[in-house]
Structures are given as structure tokens and as C-alpha cells.
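# Overview (structure and organization)
Here's the letter readout for the chains.
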Amino acid sequence: MCFNKIIKRLNSGFVLVLLALLSAHAQPFNIVDFGAKSSYTELSTQPIQAAIDACEKAGGGTVIIPKGTFVTGTLFLKSNVTIQMEAYSELFGSTSLNDYADVPLATEEPQFSKCLFYAKDQHNIKIIGHPRSEINGRGYFFKHSPERPRLFRIEDCKNIEFDNAIIKNSGSWCMYFKACEGINIHHTSVYNKENKNNDGMDFDGCSNVSITDSNLQVEDDAICLKSSIDKICENFVISNCTISSYWASVKFGTASKTGFRNIKITDCQFFDSRHGAIKLLAVDGAVLEDVEISNIKMFNCGGPIFVRLGNRGRSYDKSIRQIQNADAAPEGRPVGKIRNLLFRNIEGRLTGRIDPPTECIMMTGLPNHYIENVVMENIHFSYTGFGDLDVKDRVVPEEEARYPEQLFFGVLPAYGMYLRHVKGLVLKDVTLQLRNADDRPAIVMEDVVESRFEQIEMEVHSKAKMAMLLKDCQNITLNQVLPKAKIDNLLEVQGAISKKIMVDNSTSKSINFKKTSPIYPPGK
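Rules of the game
- Residues numbered from 1 in each chain as written.
- Predicted model: local features only at pLDDT ≥ 70, side-chain atom pairs only at ≥ 80, totals over all residues.
- Heavy atoms only, no water.
- Helix = DSSP H or I, 4+ residues; strand = E, 2+ residues; numbered from the N terminus.
- Buried < 20%, exposed > 50% of the residue type's maximum accessible area, 1.4 Å probe, protein only.
- Contact = heavy atoms within 4.5 Å.
- 1 Å grid on protein atoms, 1.4 Å probe; cavity = no way out; pocket = protein on both sides within 12 Å on 5 of 7 lines; lining within 4 Å.
- Points joined across faces, edges and corners; volume = space filled by probe spheres on them.
- Nonpolar A, V, L, I, M, F, W, Y, C, P; charged D, E, K, R; others polar.
- Polar contact = N/O pair within 3.5 Å; in protein donor to acceptor, adjacent residues only side chain to side chain.
- Core = buried A, V, L, I, M, F, W, Y, C linked by side-chain atoms within 4.5 Å.
- Phe/Tyr/Trp six-rings, centres within 6.5 Å; stacked < 30°, edge-to-face > 60°.
- Lys NZ or Arg CZ within 6 Å of the ring centre and 35° of its normal.
- pLDDT = per-residue confidence, 0-100.
- Pairing = 2+ DSSP bridges.
- Expected span 1.5 Å × (residues − 1).

## Looking at the overall build of the protein chain
- Assigned secondary structure in the protein chain consists of two helices and 36 strands.
- Dimensions of the protein chain, computed from C-alpha atoms along their principal axes, come out at roughly 105 × 60 × 40 Å.
- Within the protein chain, buried positions represent 57% of all 524 residues.
- Across the protein chain, the fraction of contacts at a sequence separation of at least 24, relative to all contacts at a separation of at least 6, is 75%.

## Structural notes on the environment of Leu366
- Structurally, the position occupied by Leu366 is in the loop between β28 (361-364) and β29 (371-383).
- Taking relative accessible area as the criterion, Leu366 reaches 3% and is therefore assigned buried.
- Between the C-alpha atom of Leu366 and that of Val335, which follows or precedes it by 31 residues, the distance is 9.1 Å.
- Beyond its immediate stretch of four places on either side in the chain, Leu366 contacts Arg308, Leu309, Gly310, Asn311, Val335, Glu398, Glu400 and His421.

## Observations regarding empty space enclosed by the protein
- Under the criterion given, the structure shown has two cavities of 30 Å³ or more.
- Estimated volume of the largest cavity: approximately 40 Å³.
- For the largest cavity, the full set of lining residues is Gly93, Tyr100, Leu116, Gly137, Phe142, Pro149, Arg150, Leu151, Ser170 and Gly171.
- In this structure, the second largest cavity is lined by Pro357, Thr358, Glu359, Cys360, Phe386, Leu412, Tyr415 and Arg440.
- Broken down by class, the residue content of the lining of the second largest cavity amounts to five nonpolar, one polar and two charged.

## Focus on unusual backbone geometry
- In this chain, Gly253 is followed by Thr254 through a cis amide linkage whose omega measures 10 degrees.
- Here Thr254 lies in strand β22 (residues 250-256).
- Look at Asn340: it is not a glycine, yet its phi comes out positive at around 60 degrees.
- The topology assignment puts Asn340 in strand β27 (residues 337-350).
- The phi angle at Gln480 is positive, at roughly 55 degrees, despite the residue not being glycine.

## Considering the side chain of Arg312
- With respect to the helices, strands and loops of the structure, Arg312 is situated in the loop between β26 (305-309) and β27.
- Overall, Arg312 belongs to the buried group, its relative accessible area being 1%.
- Only 2.8 Å separates the side chain of Arg312 from the side chain of Asp284, close enough to count as a polar contact.
- The residues touching Arg312, leaving out its near neighbours within four places in the chain, are Thr254, Ala255, Val283, Asp284, Gln322, Ala329, Pro330, Glu331, Gly332, Glu400, Ala401 and Tyr403.

## Looking at the environment of Cys233
- Mapped onto the elements of the fold, Cys233 is located in strand β20 (residues 233-239).
- Separated by 272 residues in sequence, Cys233 and Asn505 place their C-alpha atoms 43 Å apart.
- When near neighbours in sequence (up to four residues on either side) are disregarded, Cys233 contacts Phe203, Asp204, Gly205, Cys206, Leu225, Lys226, Gly259, Phe260, Arg261 and Ile263.

## Some words on the nonpolar core
- Phe152, Phe177, Phe203 and Phe343 are the most contacted members of the largest nonpolar core, which has 119 residues in total.
- Counting residues per element, this core draws most heavily on strand β30 (residues 417-434), at eight residues.
- In contact with Phe343, other than residues within four places in its own chain, are Leu280, Ile293, Ile305, Val307, Met363, Val374, Val375, Met376, Glu377 and Ile379.

## Focus on the packing of aromatic side chains
- All told, the structure shown has 15 aromatic pairs when counted by the stated rule.
- A ring pair is formed by Phe162 and Phe177, whose centres lie 6.1 Å apart and whose planes are at 90 degrees; its orientation type is edge-to-face. Of the two residues, Phe162 sits in strand β11 (residues 158-163) while Phe177 sits in strand β13 (residues 175-178), which places them 15 residues apart along the sequence.
- Residue classification places Phe162 among the buried positions, given a relative accessible area of 0%.
- Judged by its relative accessible area of 0%, Phe177 is buried.
- Aromatic pair Phe177 and Phe203: ring centres 5.1 Å apart, planes at 5 degrees, arrangement stacked. Taken together, the residues span a long stretch of sequence, with Phe177 in strand β13 and Phe203 in strand β16 (residues 201-204) at a distance of 26 residues. Phe203 carries the same exposure label as Phe177, and that label is buried.
- Linked through ring pairs, Phe117, Phe152, Phe162, Phe177, Phe203 and Phe236 together constitute an aromatic cluster.
- Directly above the ring of Tyr176 sits Arg150, whose terminal nitrogen or CZ lies 5.1 Å from the centroid.

## Looking at the confidence of the model for the protein chain
- Across the protein chain, the average pLDDT comes to 90, with 91% of residues at or above 70.
- Within the model, the stretch residues 517-524 combines pLDDT values under 50 with 12 contacts to residues more than four positions away or in other chains.

## Topic: the pairing of strand β33 (residues 474-483)
- The pairing of strand β31 (residues 443-458) with β33 spans eight bridges and is classified as parallel. Each bridged residue has a counterpart across the sheet, and for Glu454 the counterpart in β33 is Asn479.
- Summarising the sheet, β33 and strand β35 (residues 499-504) pair through five bridges and their orientation is parallel. Directly across from Ile476, in β35, lies its bridge partner Ile501.

## Observations concerning the environment of Asp221
- As for its position among the elements, Asp221 is in the loop between β18 (215-218) and β19 (223-227).
- For the pair Asp221 and Ala277, spaced 56 residues apart in the sequence, the C-alpha separation amounts to 9.3 Å.
- Filtering out sequence-adjacent residues up to four positions away, Asp221 remains in contact with Asn198, Asp199, Gly200, Ser245, Trp247, Ala248 and Lys251.

## Things to note about the side chain of Ser294
- Among the secondary structure elements, Ser294 is positioned in strand β25 (residues 287-301).
- Here Ser294 falls in the buried class, since its relative accessible area comes to 5%.

## What to know about helix α2 (residues 45-57)
- Taking 1.5 Å of rise per residue, 13 residues should cover 18 Å, and α2 covers 18 Å from first to last C-alpha, within 8% of that figure.
- Listed as buried for α2 are Thr45, Pro47, Ile48, Gln49, Ala51, Ile52 and Cys55.
- Along its buried surface, α2 packs onto β1 (29-30), β2 (61-65), β3 (68-72), β4 (75-76), β5 (81-85) and β6 (89-93).
- Looking one or two residues beyond α2, the residue adopting positive phi is Gly59, at roughly 100 degrees.

In C-alpha cells:
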């Protein structure tokens, strides 16, 4: 046989093999072909897993969940495999804990090892939904269970995508990502209110994350960035999302060991977040920096912005439950840093919890540890107003090591902003309105230094006596800071170390400036 003919036949054979491989790669893997049956009771874990494994073995492709209802226990996601939900498909989690595999515990509460989907050290995973399909963990069956399975738990993976998915009713956290890189979540809806610890999306030590055009309605934190491992959370974009949460629309922490950096949140709506909307927390030594939050609308939210630099100092070297006791003591890690925050174009009608009232913006660092370089521009909030509270002289505890939740600080002495241990704060074009009477000043500052306020308009009730109260503050510039009421004083300054408070209110020269002696003994 001629050498050229041999080469030609070999080439032809190679092409045929290549075409066969490409054909196999393109061929979808329908779970029904592997024995899955549409049923509310019959388990299809093994057939679905067989389809996933066959797809991976073929080099990757798509596993089809067709029209019907399929019940499953734990499924292990694999590299280069897409799970595609067709119209009118339902994938239900089993109601028996025996159908869920045990995987290693995570480092933070809830301390459960079971989940519906698990992946570790995989890449190129996709979950593609349909507007008439859903993945449902049926978490309501686990209300009194010793374990409450998560829905998705994805660890040490790269290139993960969720598109057009409807995910609901986890036993605890819904979507948990740890040490992952390259996560894209878009056009995805998460409904998770059937149990406690019903977070929406949690990211621990993840990077290069995009969450866009998504809807989250959850019982606990909606989008939560965590730092319990040595990898930093960085390079996040969250945009065009609508979010409702009982406890936080967006939260960094409480696990905050390493850090959070380069996070952008924009063009979102937060509603019905009665215990707080935005919470930025660094209490375990993390550096939290370079965060931009802009173009946010809030409705029926409390605690619109809570920024906390604390000293819990937890190392997270083992799985641990959260402790919320008032007598918590520092656990050893050094205090971290919070710096370079931008809040711009944020407005809202606030309706927080009543006992204690928690509608106030709160930023609090620690003595000798400032929250640094914060800009708040074009901020407009309407507050409920809580009548006569008589807390103007209340000492707000430092609570340096306690679980960082605004309500634990009790009733704050300001209705609009309480700012403590902050350096380099700029407020510009800010409006604070009251819908009802409130006897507290609009703004109270303690140990705020090197800061500037411009074009601030505040409604103040006559019983408040003043619009602003400054304690032990230095190098403060107030320009066009205007109360919308007839009150005794624009501001009252307290504290022996207060100095260089400069006021330029050219249109309100009748407003008095009052300085009093310290009202708190040193050390309290």
C-alpha cells in the first residue's frame, strides 16, 4: 500500500474519531435515560448522579433535568458539567437525612455537614434554570431536625455559573461558596424563608464574583461575604439586584479574619430588611477596604448602614458556633482595619424594629482604632421618629468583643447618625427627615476627627434642643449644616479634648454654638 494512502487513511480515521468524540461531547445526558423517574416520593439520586458522572467521563457536556418532579439526596457536581433545568422541571431535596451524604464541616455556623449539591476542587460548573423550573430543598421538613441541609455547597472550585435559576427552601444556608474563584450569578432568584439560618448567598474567601439582575427574598442574610479562611474576599460586583432579608440585605462578616477588598454594589433595591440593610463588619482582624456602594433604594428597612470595627479576634482554626453573649472577651487576633468606603446616591424610607429602635446609621470603631476615610454623598433618609426616649446622655457601650449586631448597642442617642471613633469622614448633600417627633439630635459624634460636613439638612424636634452633639471631636468642619426647625443650638460640643470645630453657616447666623464641660467621667 502506498505510503500516502496509509497517511490518508490514518487521517480519515483520526477525523472520524474526533467527530465521534465531539458528537459524544455535544450529546446531552437526560437523567430519564439513566433511570430517573418523575415522582414525589421515589428517590432518583443514583440515576442523576450516574448522568453527571457519565457526562464528566465523556469530557463534559449537559445533564438535562426534563419536565417532571424528581427527588434526590446529595449530588456531587463535576468539572465541565452543566445542569440544565427544562420547562416545568422540579428537583426536590429528599425529606430524609439518610439520603444526604456527610461532607466535612464548614468553619462557621450552622455546623451541618449535609447538603443537596456538593463540589470540591472542580471547575467549569454551570446551573442553568428556566422561568418555569425550580430547585427546592424543602427546608420546611427540617424545622426540628438535628441537621438542616444546605442546598449548594461549593468549595475550592473555579468558574461557576448560575443563570436563570430558581432556588428555594433550603434547610439552612442556600448557596455557600468557599475559596472559589470566578463565580457568575445572573437572572437567578433565591427564596429562602422556611427555616432559620436561611441565608441566600454566602461567599467565604472568594474572588472575582459577579451577581447581577437577581432577586433574593430570605429569612437571614441575603448576600453575605465571609472571611474565616486565609484567602481574602475580593473583586466583587453586585448590581441590579432586588433584595429582601430579615437581617441584612448585604453583609460582610461576621467571620472577618483575613479581609474584604475591591467590592462594588450598585443599582440595587433593598426592602423589608427590618434588622439592617448594609452591614460592613471587621471584628476578627480583617482589613476591609475599597468598597463602593451606590445608587441604592431602600424601603421598610432599619439600620440602613452599620459599619463596625471590633475586637472579637476569632481565628476560625476549627468549626465553631457563634457566641452573642454580652460578656464576650477578645480571643487573641489583632484588631483589623476598615478604610476607604464610598456611599453615594442612597435613599430610603426607613421602618426598623421598635425595641430597641434601630433606624440610625451607625459607624463605630474602637478607642485608638479608627474607621478611616469614609465618604457619604447624596444620602437621603426618612425616619419614623420614636417620640420621647430621653437617651441624649446615654453612654453607648463599646461592646468590643461582642457579636457585631447594631441592636446589641441599645437605643442610640441620635435618630439619624451615630458616629464614633471615625477619622477622615466626609458627608456631603445629606438629608435626614422625620415623619414623627423624636427628642434625639439628628447626629451624635464621639471621637470623630479630621472630618468635613457639607450641605447637611436635618429635621429636628424642639425637644432635642440641638441638631448635633459632638463629644471629644477634633478638626471638624461644618459648612451649610442646617436644621429644619427652631431649636436652641445647631450643635453642642462636649469633652475636654474637643477642639478646632469650625462652623460656616452663612444662611443661619442665628443658630448658636454651645460648648459644655464633659458629662462623662474619664474611662467610661
